[in-house]
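This is what each chain is made of:
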Amino acid sequence: MTLLETLAFPVLFIWFVGLLLTFFRRDLEPHWKFFFFLVFCFYLVQFFPEFWFGVTRWKENPKGEVLQWISAMGNSIYVFLFFLWPLVLIRIYYSASNNLSKTLIPTLAYGTVLYWALFFLWTLYSKEFNEWLHQIFANK
């Protein structure tokens, strides 16, 4: 199963919740809300088979599905950082504001180092961590 197949259901579900919350904001203009809805519908249609497959897996084994989501989220963050860093470096170069340097650079740097530390610990203790997660989710 690919990363997309694993994460389509939780990502689209969280996206739907966020979409509903934006509909209740009074300061957003209606055309932006409609645009957000169209973008969500586009991705829902685009990834509907993966979404529906995730719903089916969730119904069959919700605890096992949550364990897969946790693992897939870690992998997706790794891929996301791979794409984000070059874009941020170009954005920093073309930025006219020093506020970007004071906020974005430390946030991204510390976030990446924290992710790497957690990833390193997970790779060292993956067996123990997986046993602990299975103990939490499978025994309750």
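Below: a short report on this structure.

What to know about the packing of aromatic side chains
- A complete count under the given rule lists 19 aromatic pairs for this structure.
- Judged by centre distance (5.8 Å) and plane angle (70°), the ring pair of W15 and F40 falls under edge-to-face. Linking W15 in helix α1 (residues 3–23) with F40 in helix α2 (residues 30–46), this pair joins segments that are 25 residues apart in sequence.
- The class for W15 is partly exposed, based on a relative accessible area of 30%.
- Each ring, one from Y78 and one from F119, has its centre 5.9 Å from the other, and the planes form 20°; the classification is stacked. A residue pair is termed long-range when its members are at least 10 positions apart, and Y78 in helix α4 (residues 62–94) and F119 in helix α5 (residues 99–124) qualify at 41 residues.
- According to the relative accessible area criterion, Y78 is partly exposed, its value standing at 49%.

Cut-offs applied
- Residues numbered from 1 in each chain as written.
- Predicted model: local features only at pLDDT ≥ 70, side-chain atom pairs only at ≥ 80, totals over all residues.
- Heavy atoms only, no water.
- Phe/Tyr/Trp six-rings, centres within 6.5 Å; stacked < 30°, edge-to-face > 60°.
- Helix = DSSP H or I, 4+ residues; strand = E, 2+ residues; numbered from the N terminus.
- Buried < 20%, exposed > 50% of the residue type's maximum accessible area, 1.4 Å probe, protein only.

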